[in-house]
Amino acid sequence: MNTSDNLFDELTSLLERNDILTSAAEVQGMMCGMLGGGMPLECRDWMEPLADFINQGEAFNKEVQDAFNKFYENTCQQLVESDFSLSLCLPDDSAPINDRGQALLTWVQGFLLGFGLHQADLTGCSADVKEALEDFSEISRMDEEMQEDEESEQALFEVIEYVRMTAMLCFNELGKSAEQQQGEPKTVH
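Described below are features of the structure shown in this document. (Residues numbered from 1 in each chain as written. Predicted model: local features only at pLDDT ≥ 70, side-chain atom pairs only at ≥ 80, totals over all residues. Heavy atoms only, no water.)

Moving on, we get to the packing of helix 6 (residues 127-140) against helix 7 (residues 150-174). The geometry of helix 6 relative to helix 7 is characterised by a closest axis approach of 10 Å and an angle of 140 degrees between their N-to-C directions. Here helix 6 is positioned oblique relative to helix 7, judged by the angle of their axes. Considering the relative orientation of helix 6 and helix 7, their crossing is left-handed. Along the contact surface, helix 6 presents Asp128, Val129, Ala132, Asp135, Phe136 and Ile139, while helix 7 presents Val159, Tyr162, Val163, Thr166, Ala167, Leu169, Cys170, Glu173 and Leu174. Its residues assigned to classes, the contact of helix 6 with helix 7 shows 11 nonpolar, 1 polar and 3 charged. (Axes fitted to C-alpha atoms, helices over the stretch in contact; angles between N-to-C directions. Helix = DSSP H or I, 4+ residues; strand = E, 2+ residues; numbered from the N terminus. Parallel < 35°, antiparallel > 145°, perpendicular 65-115°, else oblique. Left-handed = near helix turned anticlockwise from the far one by under 90°. Contact = heavy atoms within 4.5 Å. Nonpolar A, V, L, I, M, F, W, Y, C, P; charged D, E, K, R; others polar.)

Here's what the structure looks like:
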């Protein structure tokens, strides 16, 4: 279904090897939240808040930094593509449904955290974005077990698709590409 299947496993095992207590889903959620909240694409200081939240403020080693930089570039690329190509970094479809559901919850929690770092004032946001953030808040609190059946699979697929489209909606409304920023007037002193 999506190209990030083995990416989830690779990044999650990298995090485990480095005693970083989170998953690739939460990391990507935070990145998408920061970008969706208006952090410029070319911004390079996203690694520090990430370290604050998932690594007790300790800087990441070079292996983790390199992997995160590549992951960030890949995520940015997907967000700016015009064909809605964002692929959520979640366990693949063969993983137990509750593992995938839990990963989605941590992705959404990461998104809300990252978004909040860059967009504390929602007054300028569209009704769609405000509603989407309320939905994300509700999704992040869902924790009931799901049955391994077709109905649950379909429901999970629909929520994943909603989260994916909503992350892109936030980015399209509030995110800033390098071109957009160059188009904005610079203050001259």
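Attention now moves to a negative patch on the surface. Together, Asp99, Glu148, Asp149, Glu150 and Glu151 give the surface a local cluster of negative charge. Note on placement: Glu151 falls in helix 7. A residue is classified by how much of its surface remains accessible, and Glu151, at 68% relative accessible area, is exposed. (Patch = residues over 30% accessible without salt bridge, like charges linked within 9 Å, V, L, I, M, F, W, Y side chains within 5 Å. Areas by Shrake-Rupley, 256 points an atom, 1.4 Å probe, with all protein chains shown as cover. Salt bridge = Lys/Arg side-chain N within 4 Å of Asp/Glu carboxyl O. Lys, Arg positive; Asp, Glu negative; His and termini not counted. Charge placed at Lys NZ, Arg CZ, Asp CG, Glu CD. Buried < 20%, exposed > 50% of the residue type's maximum accessible area, 1.4 Å probe, protein only.)

With that out of the way, let us pick up the pattern of salt bridges. Tallied over the full model, the rule gives 4 salt bridges. Arg100 serves as the salt-bridge partner of Glu153, at 2.6 Å between the closest nitrogen and oxygen. Of the two residues, Glu153 is situated in helix 7 and Arg100 in helix 5 (residues 97-118); the sequence distance between them amounts to 53 residues.

This part takes up the side chain of Arg164. In this structure, Arg164 sits in helix 7. At 2.8 Å, the side chain of Arg164 and the side chain of Glu161 are in polar contact. Discounting residues that sit within four places of it in the chain, Arg164 has contacts with Phe84, Ser85, Leu86 and Leu88. (Polar contact = N/O pair within 3.5 Å; in protein donor to acceptor, adjacent residues only side chain to side chain.)

All right, on to the packing of aromatic side chains then. Using the criterion set out here, one finds 5 aromatic pairs in the structure. With 4.4 Å between their ring centres and 20 degrees between their planes, Trp46 and Tyr72 make a pair best called stacked. With Trp46 in the loop between helix 2 (24-36) and helix 3 (47-54) and Tyr72 in helix 4 (residues 62-80), this pair connects stretches of sequence that are 26 residues apart. The exposure classification of Trp46 matches that of Tyr72, with both residues buried. Cluster of aromatic residues (ring-pair linked, three or more members): Trp107, Phe111, Phe115 and Phe136. (Phe/Tyr/Trp six-rings, centres within 6.5 Å; stacked < 30°, edge-to-face > 60°.)

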